[in-house]
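Survey of secondary and tertiary structure
The primary structure of each chain is shown beneath.
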Amino acid sequence: MSTPHTTAATIAEIIASVPNFVVSQMARAYELVNTPDQQQAIFDAMPDFGVTPAQALTLYMTMQTALSSIGLAGNLSAADLTIFQPQPDGSILYVAPPEPLAIDPEP
């Protein structure tokens with residue numbers, strides 16, 4: 001039989017682990033959606049699995065903002081809406097970022 005103190009300690013341990021778990025899952029999703037040359041295809045396939053790309057992006061943005069506001073986002077990148085552009089139909093248009101300009105070395 002557990003005492004209230006050991007139960008409270010267990011609850012505290014669970015609660016402390018939740019942000020780390022959420023951040024690790026979000027970081028993995030961010031990494032996957034940024035698979036080179038597959039970003040648009042990944043977004044286009046999401047509805048086949050019951051989630052619209054806009055829902056996924058909204059959830060990611062909401063969680064990243066919330067975790068950042070309490071200092072627990074770590075290195076979790078914010079979504080860039082110039083690259084991931086929500087559309088009225090719930091889809092996301094992926095717009096590749098511009099290539100950096102080459103700088104010619106001075107003679």
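Refer to the structure presented above.
First things first, this report covers the structure right here in the doc. A quick note: this is a predicted structure, and the numbers were derived from the prediction, not measured.

What to know about the overall build of the protein
Along the backbone of the protein there are three helices and two strands. Here the protein has a C-alpha radius of gyration of 19 Å; the compact-globule value for 107 residues is 13 Å, and the former is much larger. Each principal axis of the C-alpha distribution contributes one length, and for the protein these read about 75 × 45 × 20 Å. In the protein, which comprises 107 residues, the share counted as buried stands at 21%. By sequence separation, contacts in the protein at least 24 residues apart represent 49% of the contacts at least 6 residues apart. Of the accessible surface of the protein, which amounts to about 8,000 Å², a share of 65% is contributed by carbon and sulfur atoms.

Remarks on the layout of surface pockets
Put simply, the largest pocket is a space of about 430 Å³. Around the largest pocket, the lining comprises 17 residues; the ones closest to its centre are Met26, Ala29, Tyr30, Ala56 and Tyr60. Of all the secondary structure elements, the ones that give two or more residues to the lining of the largest pocket are α1 (4-33), α2 (39-45) and α3 (53-69). Per-element accounting of the lining of the largest pocket gives the leading share, seven residues, to α1. Taken together, the residues of the lining of the largest pocket break down into 16 nonpolar, one polar and no charged.

A word on the pattern of salt bridges
Counting across every chain of the model gives one salt bridge. Between glutamate 31 and arginine 28 there is a salt bridge, and its shortest N-O distance comes to 3.3 Å. Separated by three residues within a single helix, glutamate 31 and arginine 28 lie in helix α1, roughly one turn from each other. Look at arginine 28 and you get partly exposed, because its relative accessible area is 42%.

Observations regarding the nonpolar core
Core analysis: the biggest nonpolar cluster contains 16 residues, and Met26, Phe43, Leu67, Leu76 and Phe84 have the highest contact counts within it. Of all the elements in the fold, those that place two or more residues in this core are α1, α3 and β2 (92-94). No other element matches α1, which puts four residues into this core. Ignoring any residue separated from it by four or fewer positions in sequence, one finds methionine 26 in contact with Tyr60, Met63, Gln64, Leu67 and Leu76.

Structural notes on α1
Taking 1.5 Å of rise per residue, 30 residues should cover 44 Å, and α1 covers 43 Å from first to last C-alpha, within 8% of that figure. When the local axis directions of α1 are compared, the greatest deviation, roughly 25°, occurs at valine 18, which is followed within four positions by the proline proline 19. When α1 is considered as a whole, its buried residues turn out to be Pro19, Val22, Val23, Met26 and Val33. Residues of α1 that are buried make contact with α2, α3 and β1 (84-86).

The rules behind these values
- Starting afresh in each chain, residues are numbered from 1 along the sequence in its written order.
- Local features are withheld for residues below a pLDDT of 70 in this predicted model, meaning they are given only at 70 or higher, and side-chain atom pairs are given and counted only at 80 or more; totals for whole chains, interfaces and linings count all residues.
- Note that the side-chain values use all heavy atoms of the structure and ignore hydrogens as well as water.
- Helix and strand assignments follow DSSP, with helices taken as H or I runs no shorter than four residues and strands as E runs no shorter than two, numbered in order from the N terminus.
- For a compact globule the rule gives 2.2 Å times the number of residues to the power 0.38, and the radius of gyration it is set against comes from C-alpha atoms.
- Accessible area is worked out with a 1.4 Å probe on protein chains only. A residue is then buried under 20% of its type maximum, exposed over 50%, and partly exposed in between.
- A contact between two residues is defined here by any heavy atoms of the two lying within 4.5 Å.
- To be clear on the numbers: accessible area is Shrake-Rupley with a 1.4 Å probe, and residue cover counts the displayed protein chains and nothing else.
- Cavities and pockets are found on a 1 Å grid laid over the protein atoms alone: a cavity is a set of points where a 1.4 Å probe fits but cannot escape, a pocket is an open set with protein on both sides within 12 Å along at least five of seven lines, and a lining residue has an atom within 4 Å of such a point.
- Grid points are joined across faces, edges and corners, and a volume is the space filled by probe spheres set on the points.
- When residues are grouped by polarity, Ala, Val, Leu, Ile, Met, Phe, Trp, Tyr, Cys and Pro land in nonpolar, Asp, Glu, Lys and Arg in charged, and all others, Gly among them, in polar.
- One side-chain nitrogen of Lys or Arg within 4 Å of one carboxyl oxygen of Asp or Glu is enough to make a salt bridge.
- The set of buried Ala, Val, Leu, Ile, Met, Phe, Trp, Tyr and Cys residues whose side-chain atoms join them within 4.5 Å is what this entry labels a nonpolar core.
- Multiplying 1.5 Å by the residue count of a helix minus one yields the expected span of that helix.
- Note that the bend at a residue is defined as the angle between axes fitted to the seven residues ending at it and the seven residues starting at it.

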